[in-house]
Amino acid sequence: MTDPLFDYLAPENHVEKRAGISATLKAQLHEPLDANTQYHGEAAFWLQIHQGLLRTSATLPNWCEQFLAEKTTDRLYLMAPRICNLATQLVQHAHGHHHIEDDHFFPVFLRAFPQLANPIDLLEKDHEILSVVLDDIENATKELSHVSQNATSQITTAEKSDLFTKTEQLQKAASSLDRLFIRHIGDEEEICLPTLMRM
Ligand SMILES: [Fe+2]
Ligand SMILES: [Fe+2]
């Protein structure tokens, strides 16, 4: 059961503010794994998923930046759908992964190790924050896709400005997600990998 004193909104816990797992929560975790640990099975698969998510979340803001720096207007036509596809893929992949963790992994971990209630609560609350940022990405992507599909073949100055505004919105949300993912996924691995390797 979660400690009633556990306060996710405190700066040492909130994903937007914390610099790592607090000492209080660390004391509730399993012993960290040796740096040379060889991961296998479910743990190796899980790490692969995280690497894929981190790779895509780092790529998306870069692609938006390239779009915003593009001087050849014709190329914007080619770039916008690629950006939208990548963003859609990232949102779906992240939501799917978070559902599997919330509905499958975390309940299993908690049944086996009830002392992990607070660290798992932290990760679940991270997912709620991430979900809002994923919604921002989804909305910005829809708007960018709409503008790019409706642009005339000779992109006008007004259309170009609209495309750039939507891409700036997407880049902002994508950069936030990347920053939060680095924090969340790093801490999640510290909390869950030693647990997963014991299951
Ligand atoms: Fe997660
Ligand atoms: Fe994860």
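Residues numbered from 1 in each chain as written. Chains lettered and ligands numbered in written order. Predicted model: local features only at pLDDT ≥ 70, side-chain atom pairs only at ≥ 80, totals over all residues. Heavy atoms only, no water.

Visitor: Pulling in residues and values, what's your account of the overall build of the protein chain?
Guide: Counting its regular elements, the protein chain contains five helices and zero strands. If you list the helices and strands of the protein chain from N to C, you get α-α-α-α-α. Projected onto its principal axes, the C-alpha positions of the protein chain cover 60 × 35 × 25 Å. Counting over 199 residues, the protein chain shows a buried share of 44%. Looking at the protein chain alone, contacts between residues at least 24 apart form 80% of all its contacts between residues at least 6 apart. Between the centroid of the 16 positive side chains of the protein chain and the centroid of its 29 negative side chains there is a distance of 5 Å. (Helix = DSSP H or I, 4+ residues; strand = E, 2+ residues; numbered from the N terminus. Buried < 20%, exposed > 50% of the residue type's maximum accessible area, 1.4 Å probe, protein only. Contact = heavy atoms within 4.5 Å. Lys, Arg positive; Asp, Glu negative; His and termini not counted. Charge placed at Lys NZ, Arg CZ, Asp CG, Glu CD.)

Visitor: Break down the layout of surface pockets for me, with residues and values.
Guide: Estimates place the volume of the largest pocket at around 190 Å³. Considering the residues around the largest pocket, the lining is formed by Lys26, Leu29, His30, Glu31, Pro32, Leu33, Tyr39, Glu189, Glu190, Leu193 and Pro194. Residue contributions to the lining of the largest pocket peak at four residues, all from helix H5 (residues 157-198). (1 Å grid on protein atoms, 1.4 Å probe; cavity = no way out; pocket = protein on both sides within 12 Å on 5 of 7 lines; lining within 4 Å. Points joined across faces, edges and corners; volume = space filled by probe spheres on them.)

Visitor: An account of H5 is requested, with residue identities and associated values reported.
Guide: For an α-helix the count is 3.6 residues per turn, leaving residues at separations of three or four pointing the same way. For H5, built from 42 residues, the straight-helix expectation of 62 Å at 1.5 Å per residue is met to within 8% by its first-to-last C-alpha distance of 59 Å. Of all the bends in H5, the largest measures some 35 degrees and sits at Cys192, one to four residues before the proline Pro194. (Expected span 1.5 Å × (residues − 1). Bend = angle between axes of the 7 residues up to and from the residue.)

Visitor: An account of the coordination of the iron ion (ligand 1) is requested, with residue identities and associated values reported.
Guide: Donor atoms from the polypeptide that coordinate the iron ion (ligand 1) comprise Glu101 (OE), His127 (NE2), His184 (NE2) and Glu188 (OE), at 2.1 to 2.2 Å from the metal. Of note, the iron ion (ligand 1) draws all its donor residues from one chain, in the sequence arrangement E-x25-H-x56-H-x3-E. In this structure, the iron ion (ligand 1) lies 3.3 Å away from the iron ion (ligand 2), the two metals sharing Glu101 as a donor. On the criterion of sequence distance, the pair formed by Glu101 in helix H3 (residues 73-112) and Glu188 in helix H5 is long-range, its members being 87 residues apart. Note on accessibility: Glu101 and Glu188 belong to one class, buried. (Donors = N, O, S within 2.8 Å, 3.2 Å for Na, K, Ca; no water.)

Visitor: So what about the coordination of the iron ion (ligand 2)? Which residues, and what values?
Guide: Coordination of the iron ion (ligand 2) by the protein involves His50 (NE2), His97 (NE2), Glu101 (OE) and Glu188 (OE), with metal-donor separations of 1.9 to 2.2 Å. Taken together, the four donor atoms coordinating the iron ion (ligand 2) span angles of 79 to 166 degrees at the metal, a pattern that classifies the geometry as irregular. Each donor residue of the iron ion (ligand 2) belongs to the same chain, with the gaps between them written as H-x46-H-x3-E-x86-E. (Tetrahedral: all angles 85-135°; square planar, octahedral: opposite > 155°, others 65-115°.)

Visitor: Please set out the environment of Leu193 residue by residue, giving values where relevant.
Guide: With respect to the secondary-structure elements, Leu193 resides in helix H5. The spacing of Leu193 and Leu33 is 160 residues in sequence and 8.0 Å in space, taken between C-alpha atoms. Apart from the residues lying within four places of it in its own chain, the contact partners of Leu193 are Leu33, Tyr39, Ala43, Trp46, Leu47 and Glu188.

Visitor: How would you sum up the pattern of salt bridges? Please name residues and give values.
Guide: Scanning the entire structure with this criterion turns up eight salt bridges. Here Glu70 makes a salt bridge to Arg75, at a shortest N to O gap of 3.3 Å. The salt bridge partner of Glu138 is Lys142, with a shortest N-O separation of 3.9 Å. Here the residue Glu138 and the residue Lys142 both occupy positions in helix H4 (residues 117-150), the gap between them amounting to four residues, near one helical turn. The partly exposed category is assigned to Glu138, whose relative accessible area is 31%. The exposure class of Lys142 is exposed, given its relative accessible area of 54%. (Salt bridge = Lys/Arg side-chain N within 4 Å of Asp/Glu carboxyl O.)

This is a description of form; function is not addressed.
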